[in-house]
Amino acid sequence: MATTYGQIAEPNDIYNKYSDEWDFFEQSYVGGRRYVTNQNLFRHSRESQEDYNTRLKRSPFINYCRPIIDIYTSFIFGIETNIARDTENEIYRAFIEDADYQGHNMHTFMEQVATFAMVYGHVGVVVDMPQSEMDMISMADLQATDIRPYCTWYDAPNIINWRMDKFNQLLWVRLREIDYADVNPFVEESSEYNFQYRTWTRTEWYLHDADGNLKESGEHGLGVVPYIGIQFKENPVDEFVGMSRLTDIAPINRLLTNVISYIEEFVSKQAFPFLATPDDPIGAGIQQEEEQFISSSNVYQFPAGSQPPQYVSPPTDPATFMREFAS
């Protein structure tokens, strides 16, 4: 089958519009050293590249974004009995006890979905069933096997393309997945994963590799795209994507991170006074046949009547201003 919907791996314009924001929101939520990069800590105008690299290694990140999201999910999902699910049906009970075929029950699965819907603004959930060569003709046939529905959730960066009809209902959606089948532990490969692309229409599904070659396809006959979009908040401009919970707080968190980094740089480089001595020790009457080290543990002798060494302290006004600005 030829590629049906443009280039397989090519995202649409709406995706490209928001992709940088999604990456920033993810960094803001996860935090750690991945956050402290030149994407989030900015080099100031009088800073050399060497000093900037040193500051990147030294800078901390105080994460104000993650608690904002976690407090929501902990309130909703903190106690599993807060959400009631009918467990009378045996197949349904097996489904909610292992919702994704990865050992996560429905409660844990939906907690992940809710968390990252707030991070990105939206995620997608697909309900699928493993392929079988058996012809399922009754519920008893289904119960006799381990084949049952399962859920897969996709974060916003992996929902790369879609089309809607005039009633804003999905015509098709394309999802990016890791191609685990290509992982060979005995062959040296790039550290990056290979991707494959799964396209769902209202009646069929297709699986392509990154070059657009068809790997698998089939019919599902549901009459709708089996994809559920979950938004934290509806986007007033682009209907398919949602608005992140971090839209406003993440830039503020980045601003505070930069200010704290500047204050830390001031402390490490300028807050400590340095010792100043005459630039011509011989002319000042100081005999200096070899290099001398001056510290609190030794004595520095200078002739009477000459200029004594003195400590010079940089002004603290810049640090005071930045501290007051951050508070």
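Located above this text is the structure these notes cover.
This structure is a prediction, so every number in the text was calculated from the model and none was measured.

### Some words on the overall build of the chain
When you go through the chain residue by residue, the secondary structure sums to eight helices and ten strands. For the chain, with 327 residues in total, the buried portion stands at 32%. Within the chain, counting contacts between residues at least 6 apart in sequence, those at least 24 apart form 58% of the total. Taken as a whole, the chain presents about 20,600 Å² of accessible surface, with 52% of it coming from carbon and sulfur.

### A short note on the pairing of strand S3 (residues 159–164)
Bridge count between S3 and strand S4 (residues 170–178): five bridges; the pairing is antiparallel. Paired with Met-164 across the two strands is Leu-170, which belongs to S4. Counting the residues that bridge the hairpin from S3 to S4 gives five residues, and of these Asn-168 lies at a positive phi of roughly 60°.

### Things to note about the nonpolar core
Judged by nonpolar contacts, the single largest core of 37 residues is most densely connected at Ile-159, Trp-162, Val-173, Leu-175, Tyr-227 and Phe-240. Elements that contribute at least two residues to this core include exactly helix H1 (13–30), helix H2 (49–58), helix H3 (65–77), helix H5 (106–120), S3, S4, strand S5 (195–201) and strand S6 (204–209). In terms of residues, this core owes the most to one element, H1, which gives six residues. In this view, Ile-159 contacts Tyr-15, His-122, Val-123, Gly-124, Tyr-154, Val-173, Arg-174, Leu-175, Tyr-227 and Phe-240; residues no more than four positions away in its chain are not counted.

### Structural notes on H2
Restricting attention to buried positions, one finds in H2 the residues Tyr-52, Arg-55 and Leu-56. Projection of H2 onto a plane perpendicular to its axis shows the buried side chains occupying an angular sector of 105°, all on one side. Along H2, the residues that are exposed and aim more than 90 degrees away from the buried face are Glu-50 and Lys-57. Along its buried surface, H2 packs onto helix H7 (249–269).

### Considering the pattern of salt bridges
This structure, assessed with the given rule, holds eight salt bridges. Two residues, Arg-34 and Asp-23, come together in a salt bridge whose shortest N-O distance is 3.1 Å. With Arg-34 in the loop between H1 and H2 and Asp-23 in helix H1, this residue pair connects regions lying eleven residues apart in the sequence. Asp-165 is the salt-bridge partner of Arg-202, the closest N and O atoms lying 2.8 Å from each other. Residue Arg-202 is located in the loop between S5 and S6, and its partner Asp-165 is located in the loop between S3 and S4; the two are separated by 37 residues in the primary sequence. The partly exposed category is assigned to Arg-202, whose relative accessible area is 29%.

### Brief notes about the sheet that holds strand S8 (residues 227–231)
Remark on secondary structure: sheet strands pair via backbone hydrogen bonds, oriented parallel or antiparallel. An order of S2-S1-S8 is seen for the three strands of this open sheet, with the pairing classed as antiparallel. At either end of the open sheet lies a strand with only one pairing partner, and these are strand S2 (150–155) and S8. Each strand of the sheet is rotated relative to its neighbour by a mean of 25°, with strand direction disregarded. Here strand S1 (residues 122–128) runs beside S2; their pairing, made up of six bridges, is antiparallel.

### Here's the deal with the side chain of Asp-238
Following the sequence through the fold, Asp-238 ends up in the loop between S8 and H7. A polar atom in the side chain of Asp-238 sits 2.6 Å from the side chain of Tyr-18. Residues contacting Asp-238, with those up to four places away along its chain left out, are Ile-14, Lys-17 and Tyr-18.

### Some words on the sheet that holds S3
An order of S3-S4-S5-S6-S7 is seen for the five strands of this open sheet, with the pairing classed as antiparallel. Looking at strand neighbours, the two that pair on one side only are S3 and strand S7 (214–219), the edges of this open sheet. The mean inter-strand angle of the sheet, taken between neighbouring strand axes irrespective of direction, is 15°. Bridge count for S6 against S7 is five bridges, and the pairing is antiparallel. Within S7, the position partnered with Tyr-206 by the bridge is Ser-217.

### Details of the environment of Ala-181
Within the element layout of this structure, Ala-181 appears in the loop between S4 and S5. Here Ala-181 falls in the exposed class, since its relative accessible area comes to 68%. As a C-alpha pair, Ala-181 and Asn-194 span 13 residues in sequence and 9.3 Å in three-dimensional space.

### A short note on unusual backbone geometry
Here the phi dihedral of Tyr-101 falls at roughly 60°; this positive angle occurs in a residue that is not glycine. Note on placement: Tyr-101 falls in the loop between helix H4 (90–97) and H5. Judged by relative accessible area, which is 31%, Tyr-101 ranks as partly exposed.

Definitions and limits used
- Residues numbered from 1 in each chain as written.
- Predicted model: local features only at pLDDT ≥ 70, side-chain atom pairs only at ≥ 80, totals over all residues.
- Heavy atoms only, no water.
- Helix = DSSP H or I, 4+ residues; strand = E, 2+ residues; numbered from the N terminus.
- Buried < 20%, exposed > 50% of the residue type's maximum accessible area, 1.4 Å probe, protein only.
- Contact = heavy atoms within 4.5 Å.
- Areas by Shrake-Rupley, 256 points an atom, 1.4 Å probe, with all protein chains shown as cover.
- Pairing = 2+ DSSP bridges.
- Core = buried A, V, L, I, M, F, W, Y, C linked by side-chain atoms within 4.5 Å.
- Arc of directions from axis to C-beta.
- Salt bridge = Lys/Arg side-chain N within 4 Å of Asp/Glu carboxyl O.
- Axes fitted to C-alpha atoms, helices over the stretch in contact; angles between N-to-C directions.
- Polar contact = N/O pair within 3.5 Å; in protein donor to acceptor, adjacent residues only side chain to side chain.

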